[in-house]
Amino acid sequence: MEKKIMIKVDNVSMRFNLSSEKFDSFKEYVIKTLKKQVSVEEFWALQDVSFELREGEALGLIGLNGSGKSTMLKTIAGVLKPTKGSVSVNGSVAPLIELGAGFDMDLTAAENVYLNGALLGYPRKEMEKHYNDIVEFSELHDFMNVPVKNFSSGMVSRLAFAISTIGTPDILIVDEVLSVGDFRFQEKCEQRIQAMIDKGTTILFVSHSIQQVRRICNKIVWLDHGHMKRWGDADEICDEYERS
Ligand SMILES: Nc1ncnc2c1ncn2[C@@H]1O[C@H](COP(=O)(O)OP(=O)(O)OP(=O)(O)O)[C@@H](O)[C@H]1O
């Protein structure tokens, strides 16, 4: 029996308007905009991209800088609305997109656990159950009462990763976050992602490390200047990508 479709991306195009003009004041900007004197260039970051992802699959998005990977993830996570086409998502999503973006830097790590949990939709009682696991995984035992503004970027990422991966979401979206933290912590994160795959979580993954993509993903979408160049099995497409 075919597995259920978790994500369906249907002819998605995404246009950004780029203005190269500089304005000396907001007033000048408003006047020129009203007089239609602002020249805006259209830029299509994605064009007619279609693919689907079934339950339990792990899909890697690959492509050179600026090919549209993050834009694609953001449209799937619901951060951006596509200019054309549609995205449908079937289940709960845990987006690991900008780790630590939801933190209040003046609050301690412990306070941020509850704040971030609330942003992810977990009530305080639920976060209390996961608290020890978060401290353990992030290895921040001695720092939980320290304001996060005093953390290194690696420590922020460790805490954010540990919070975002509690529970078993239906879909986990990972954007380049494994490149932060040291090598040993990256391995731990990969193991946690692997454990989530084993429990049935569907993964959407972006990394510039093609080795990491090969280890985690079984399907690939290869983006090239916003177009889908290839979609299919990971090994074959990774080989082709590395030869290109
Ligand atoms: N908000 C925006 N406004 C204007 N242009 C944007 C915006 N966001 C992205 N772009 C442009 O869209 C293109 C695709 O960007 P995107 O971040 O999706 O690429 P990427 O494949 O993730 O790149 P990288 O590998 O460098 O992270 C780039 O040319 C980028 O400049």
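Above this text you will find the structure in question.
What comes next is a walk through the structure. Because the structure is predicted, anything quoted here is derived from the model rather than measured. (Residues numbered from 1 in each chain as written. Predicted model: local features only at pLDDT ≥ 70, side-chain atom pairs only at ≥ 80, totals over all residues.)

When helices and strands are tallied, the chain shows 8 helices and 9 strands. In terms of its C-alpha atoms, the chain occupies a principal-axis envelope of roughly 55 × 55 × 30 Å. Classification of the 244 residues of the chain by burial places 34% in the buried group. Sequence separation of 24 or more characterises 74% of the internal contacts of the chain that already satisfy a separation of 6 or more. (Helix = DSSP H or I, 4+ residues; strand = E, 2+ residues; numbered from the N terminus. Buried ≥ 20, exposed ≤ 12 C-beta atoms within 10 Å, placed from the backbone. Contact = placed C-beta atoms within 7 Å.)

With that settled, consider the site of the ligand. Taken together, F16, L18, F43, A45, G63, N65, G66, S67, G68, K69, S70 and T71 make up the full set of residues near the ligand. Only β1 (5–19), β2 (40–54) and α2 (69–77) provide two or more residues apiece to the shell around the ligand. Element by element, the count of residues in the shell around the ligand is highest for α2, at 3 residues. Its residues assigned to classes, the shell around the ligand shows 4 nonpolar, 7 polar and 1 charged. (Near = placed C-beta within 6 Å. Nonpolar A, V, L, I, M, F, W, Y, C, P; charged D, E, K, R; others polar.)

Spatially, the 3 strands line up as an open sheet ordered β2-β1-β4, and their pairing is antiparallel. Only two strands of the sheet have a single partner each, and these edge strands are β2 and β4 (84–89). Averaged over all pairs of adjacent strands, the angle between strand axes in this sheet comes to 25°, irrespective of strand direction. Note that β1 and β2 share 11 bridges and pair antiparallel. Pairing of V9 across the sheet is with F51, part of β2. Lying over the sheet, α2 contacts β1, β2 and β4, oriented at roughly 120° with respect to β1. (Pairing = 2+ DSSP bridges. Axes fitted to C-alpha atoms, helices over the stretch in contact; angles between N-to-C directions.)

Here we take up the sheet that holds strand β3 (residues 58–62). Taken in spatial order, the 6 strands of this open sheet run β5-β6-β7-β3-β8-β9, and their pairing is mixed. Because the sheet does not close on itself, it has two edges, and the strands there are β5 (93–96) and β9 (227–233). The mean inter-strand angle of the sheet, taken between neighbouring strand axes irrespective of direction, is 15°. Bridge analysis of strand β8 (residues 219–224) against β9 gives 6 bridges, and the strand direction is antiparallel.

Right, let's talk about the nonpolar core for a bit. Counting 55 residues, the largest nonpolar core has L59, I203, L204 and F205 as its most contacted members. Considering every element that reaches this core, the biggest residue donor is helix α5 (residues 153–164), with 7 residues. For this core, the two domains that each supply at least three residues are domain 1 (1–92 + 170–244) and domain 2 (99–168). If sequence neighbours within four positions are ignored, L59 has contacts with L53, I203, L204, F205, C217, K219, I220 and V221. (Core = buried A, V, L, I, M, F, W, Y, C linked by C-beta atoms within 7 Å. Domains from an automatic or database assignment.)

As a packed pair, helix α4 (residues 124–138) and α5 sit with axes 9 Å apart at the nearest point and diverge in direction by 140°. Relative to α5, the element α4 lies oblique. Handedness of the α4/α5 crossing: right-handed. Side by side, α4 and α5 meet where I134, F137 and S138 of the first sit next to R158, L159, A162 and I163 of the second. (Parallel < 35°, antiparallel > 145°, perpendicular 65-115°, else oblique. Left-handed = near helix turned anticlockwise from the far one by under 90°.)

What follows is about the pairing of β8. In the case of a regular strand, side chains alternate between the two sheet surfaces. Within β8, 5 of the 6 residues are buried, which leaves it mostly tucked inside the rest of the structure. The sheet contact formed by β3 and β8 spans 4 bridges and is parallel. When the bridges of β8 are listed, G60 appears paired with I220. Count of turn residues in the β8/β9 antiparallel hairpin: 2 residues, of which H225 carries a positive phi of about 45°.

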